[in-house]
Amino acid sequence: MGMNEYPILMTPDDNGTLLVTCPDLLEVASFGEDEADAVRRAGAAIEEALAARIADREDIPGPSPAAGRATVALPALIAAKIQLYRTARAQGVTKAELRRRLLLHGPQVDRLFDLRHASKIEQIDRALRTMGKRLEVTLRDAA
């Protein structure tokens, strides 16, 4: 399991569906008709929870160990944006400061943190480099 794979719990509900929750993001609650549907819906719910935390300027916890539980992997672009958000918070770098460092306009920097916007991965790497970090891509076998 990687640092961008959140464990989920699937509990049979009384109407034949599966209730899905995420122990690391208590606001996540969804359901699925079967296990595959539950995992897909959990992924969408996790992404929404992370977007809300960014909008509210809240911390985003890393995932806990899977410990035998199913996991939901974040898409690569969203994972990169989460790392950018965490790095900026940890270093106290505001959006205004990032705009200055990158010589960009406000909306351009805002989109780097918008999980729904299809930013270019190079832009996220460039932003991370202004904070002494760089983005790396790792390939591994799919589960």
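Bear in mind the structure is a predicted one, so any value in this text is a computation, not a measurement.

Caption draft 1: Structural context of the overall build of the protein. Counting its secondary structure elements, the protein contains five helices and four strands. What you see in the protein, going N to C, is helices and strands ordered as β-β-β-α-β-α-α-α-α. Referenced to the eigenvectors of the C-alpha coordinate spread, the extents of the protein come out at roughly 55 × 30 × 25 Å. For the protein, the share of sequence-separated contacts (at least 6 apart) that also reach a separation of at least 24 residues comes to 63%. When the accessible surface of the protein is totalled, it reaches about 8,500 Å², and 52% of it is carbon and sulfur. Charged side chains of the protein number 20 positive and 21 negative; the gap between the two group centres comes to 12 Å.

Caption draft 2: Spotlight on the environment of Thr17. Checked against the element boundaries, Thr17 lands in the loop between β1 (5-12) and β2 (18-22). Residue classification places Thr17 among the buried residues on the basis of a relative accessible area of 10%. Distance from Thr17 to Gln91, taken between C-alpha atoms, is 43 Å for residues 74 residues apart in sequence. Setting aside residues up to four positions removed in sequence, Thr17 forms contacts with Thr11, Pro12, Gly32 and Glu33. A polar contact is formed between the side chain of Thr17 and the side chain of Asn15, at a distance of 2.7 Å.

Caption draft 3: Region of the structure containing the pairing of β1. Two strands pair when backbone bridges link them, and β1 and strand β4 (residues 70-73) are joined in this way by four bridges, in the antiparallel orientation. Bridge assignment links Glu5 to a residue of β4, and that residue is Ala73. Of the pairings in the sheet, the one linking β1 to β2 comprises four bridges and is antiparallel in character. Considered in β2, the bridge of Pro12 is made with Leu18. What sits between the antiparallel neighbours β1 and β2 is a turn of five residues, in which Gly16 has the positive phi angle 85°.

Caption draft 4: Region of interest: the side chain of Glu5. Along the polypeptide, Glu5 turns up in strand β1. Here Glu5 falls in the buried class, since its relative accessible area comes to 12%. A distance of 3.3 Å separates the side chain of Glu5 from the side chain of Thr71, its partner in a polar contact. Beyond its immediate stretch of four places on either side in the chain, Glu5 contacts Pro63, Thr71, Val72, Ala73 and Arg140.

Thresholds, definitions, all that
Residues numbered from 1 in each chain as written. Predicted model: local features only at pLDDT ≥ 70, side-chain atom pairs only at ≥ 80, totals over all residues. Heavy atoms only, no water. Helix = DSSP H or I, 4+ residues; strand = E, 2+ residues; numbered from the N terminus. Contact = heavy atoms within 4.5 Å. Areas by Shrake-Rupley, 256 points an atom, 1.4 Å probe, with all protein chains shown as cover. Lys, Arg positive; Asp, Glu negative; His and termini not counted. Charge placed at Lys NZ, Arg CZ, Asp CG, Glu CD. Buried < 20%, exposed > 50% of the residue type's maximum accessible area, 1.4 Å probe, protein only. Polar contact = N/O pair within 3.5 Å; in protein donor to acceptor, adjacent residues only side chain to side chain. Pairing = 2+ DSSP bridges.

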